[in-house]
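Summary of structural features
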Amino acid sequence: MESKHKGTIAFGPALGGGTATFYRVLSSALRDSGWRVYHIAMGLDPDTIYCDDHTVMLAGDEPELKKQVKELIQWVEQQQIDIIINSTPNLLPAIPHLPNRVRYISIPHNINRIHYIWCTLFPERLSAVVCINKRQIEDLRRDFGMEPDKLFFIPHGIDGRNSPGKPLKNSNQALHITFVGRLDDMHKGVMWLPHIFQKIDQSAVPFQGHIVGDGRDGSRLQQAMRRRGLLEKVTFHGFVSPENIPPLLEQMDIILVPSRYEGFGLSLLEGMASGCVPVATHIRGVTDMIIEQGVQGFLCPMGATREFARATVILANDRDKLWAMSKAAQATVTEKFNVARMHRAYDELFSRILTEPPIPYRPRPLEEVKYPPELQPSLSHAWKKFLPGFLKKFGRKWYCRLFDRIP
């Protein structure tokens, strides 16, 4: 006889980065507590590294959007899905066509406008929007008119209980400094890394740099390191599978997070759980929610490579401070951002939503399936493609600094 489950949940595509880590960590905890959890890949050819035994491939070879949505709805009915959680735009065309009894939850994994737009589409269908930082609640209420009773704050969490503490290094030992994430300058600010490492090198601090990840700016980043004569001091590890990230981080001392914007920064959290001291961009409501300046690490203005290098040199020259911050970073993850706390919050939210009656809503007919026009490229922004890349990046940096907004 099949055991009774609390309910059945389907996560939208987790295609890499933070969404994949979030799904992997939370889904495991939910299954252990009695939920059935699936991972949907609809109309996509996802990299199998982000799939698991619970991934369901739907309409992978079907180019027609209407048929993709039809296959998804049939599967939802067959599996008696109770809750669909969408973390990317890929499932959006299907949302207004889902059966009325299926609850819909969206999770914006970043703080840029496009994430806010897709996570607030179909408000008449939304049971909840889960915000992973406090800034998102403020932005969604102010700029998108979201009702407070539909917004829930649940920060990410990871399991850092098994990470050993870092030993106290003497001043002659080289520091291991890492960046972990997608090599994408527009989002992660990776082209600032050569400037940071060069300034550290000029200060005569013994160090070894480690770049973990791949992405569209990987070759540019290597070329920039080569031009500065840093390739002997900076190792490119390429893509590292999720299960091998924690052991690698345990060998590191400092994690650099020069991002232009983040929703949360799970690599930041993973680094801190492994005892790495973070030196990160100060992103209001995001990184300052995790790092208290001078306690667990350092926060620097966006693109301020001199400040990033200066903070790293301070830690290199004061190993007692490095050790104390390492312990504080681990304690912060254990106390405030652990997976048990995150799991309890989601478990309570899902249980509460299922005890309430479904939102009165008549699903739209399949003949009306279309990609949301709100996500189509805007003609008013077409001129941007004619601007040189360096000019766009310069503009983004100062726009964020001056107006505290993400363009």
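For the structure itself, look to the data block above.
Please read all numbers here as calculations on a predicted model, not as lab measurements.

About the cut-offs
- Residues numbered from 1 in each chain as written.
- Predicted model: local features only at pLDDT ≥ 70, side-chain atom pairs only at ≥ 80, totals over all residues.
- Heavy atoms only, no water.
- Pairing = 2+ DSSP bridges.
- Helix = DSSP H or I, 4+ residues; strand = E, 2+ residues; numbered from the N terminus.
- Axes fitted to C-alpha atoms, helices over the stretch in contact; angles between N-to-C directions.
- Contact = heavy atoms within 4.5 Å.
- Phe/Tyr/Trp six-rings, centres within 6.5 Å; stacked < 30°, edge-to-face > 60°.
- Buried < 20%, exposed > 50% of the residue type's maximum accessible area, 1.4 Å probe, protein only.
- Expected span 1.5 Å × (residues − 1).
- Parallel < 35°, antiparallel > 145°, perpendicular 65-115°, else oblique.
- Left-handed = near helix turned anticlockwise from the far one by under 90°.
- Nonpolar A, V, L, I, M, F, W, Y, C, P; charged D, E, K, R; others polar.
- Lys, Arg positive; Asp, Glu negative; His and termini not counted.
- Salt bridge = Lys/Arg side-chain N within 4 Å of Asp/Glu carboxyl O.
- Right-handed = clockwise from strand over helix to strand, strands pointing away.

The 6 strands lie next to each other as β10-β9-β8-β11-β12-β13, forming an open sheet whose pairing is parallel. The open sheet terminates on both sides in strands that have one partner only, identified here as β10 (234-238) and β13 (298-300). Pairwise comparison of adjacent strand axes, ignoring direction, gives a mean angle of 20 degrees for this sheet. Sheet topology places strand β9 (residues 207-212) next to β10; 4 bridges connect them, and they run parallel. Residue pairing across strands places Gly-209 opposite Val-234, the latter belonging to β10. Strand contacts of helix α7 (residues 218-227): β9 and β10, with the helix running at about 165 degrees to β10, the strand carrying the most contacts. In the packing of helix α12 (residues 319-336) onto the sheet, contacts are made with β8 (175-180), β11 (254-257), β12 (277-281) and β13, and the angle to β12 comes to roughly 85 degrees.

What characterises a pair of aromatic rings is the spacing of the ring centres plus the angle enclosed by the ring planes. In this structure the tally under the stated criterion is 9 aromatic pairs. Judged by centre distance (5.8 Å) and plane angle (55 degrees), the ring pair of Phe-22 and Tyr-346 falls under tilted. Linking Phe-22 in helix α1 (residues 17-32) with Tyr-346 in helix α13 (residues 339-355), this pair joins segments that are 324 residues apart in sequence. With centroids separated by 5.7 Å and ring planes inclined at 45 degrees, the aromatic side chains of Tyr-346 and Phe-350 adopt a geometry described as tilted. Here Phe-350 and Tyr-346 lie together in helix α13, a separation of 4 residues that amounts to about one turn. Take Tyr-346: its relative accessible area is 1%, and that puts it in the buried class. With relative accessibility at 0%, the residue Phe-350 sits in the buried group. An aromatic cluster is defined as three or more aromatic residues linked by ring pairs; in this entry it consists of Phe-11, Phe-22, Tyr-23, Trp-35, Tyr-346 and Phe-350.

Taken in spatial order, the 7 strands of this open sheet run β3-β2-β1-β4-β5-β6-β7, and their pairing is parallel. If you trace the sheet from one side to the other, it starts and ends with β3 (55-58) and β7 (151-153), each paired once. Here the average twist between neighbouring strands, direction ignored, is 25 degrees. With 3 bridges connecting them, strand β1 (residues 7-11) and strand β4 (residues 83-86) associate as parallel partners. Each bridged residue has a counterpart across the sheet, and for Ala-10 the counterpart in β4 is Ile-84. Those strands touched by helix α2 (residues 65-79) are β1, β2 (35-42), β3 and β4, and its axis lies near 170 degrees from that of β2. Helix-sheet contacts for helix α3 (residues 113-120) involve β4, β5 (103-106) and β6 (126-131), and the interaxial angle to β6 is about 155 degrees.

So, about α12. Three- or four-residue spacings in an α-helix give side chains the same orientation, since the helix completes a turn every 3.6 residues. Here α12 contains 18 residues, and its C-alpha end-to-end distance of 25 Å stays within 8% of the 26 Å for a straight helix at 1.5 Å per residue. For α12, the full list of buried residues reads Arg-319, Leu-322, Met-325, Ser-326, Ala-328, Ala-329, Gln-330, Thr-332 and Val-333.

With that out of the way, let us pick up the packing of α1 against α13. In contact at an axis separation of 10 Å, α1 and α13 are set at 70 degrees when each is read in the N-to-C sense. As far as their axial angle goes, α13 and α1 are roughly perpendicular. Here the hand of the crossing between α1 and α13 comes out right-handed. Here Phe-22, Val-25, Leu-26, Ala-29 and Leu-30 of α1 lie close against α13, whose contacting residues are Val-339, Met-342, His-343, Tyr-346 and Phe-350. Classifying every residue of the contact of α1 with α13 gives 9 nonpolar, 1 polar and no charged.

Moving on: the side chain of Arg-125. By the element assignment, Arg-125 lies in the loop between α3 and β6. Here Arg-125 sits buried without a salt bridge, and the closest side chain of opposite charge, Glu-124, lies 7.5 Å off (N-O distance). Each residue touching Arg-125, except ones within four places of it in the same chain, is listed here: Ile-95, Leu-98, Pro-99, Asn-100, Val-102, Tyr-104, Ile-359 and Tyr-361.

Turning next to the environment of Gln-202. Here Gln-202 is to be found in helix α6 (residues 193-202). For the pair Gln-202 and Ala-309, spaced 107 residues apart in the sequence, the C-alpha separation amounts to 9.9 Å.

So, on to the pairing of β9. Taken across its 6 residues, β9 has 6 buried, putting it largely inside the fold. The alternating pattern of β9 places Phe-207, Gly-209 and Ile-211 and Gln-208, His-210 and Val-212 on opposite faces, both of which are buried. When β8 meets β9, the two strands line up parallel, connected through 6 bridges. Bridging from a neighbouring strand, Phe-179 pairs with Ile-211 of β9. Between the parallel elements β9 and β10, the chain passes through α7 in a crossover that is right-handed.

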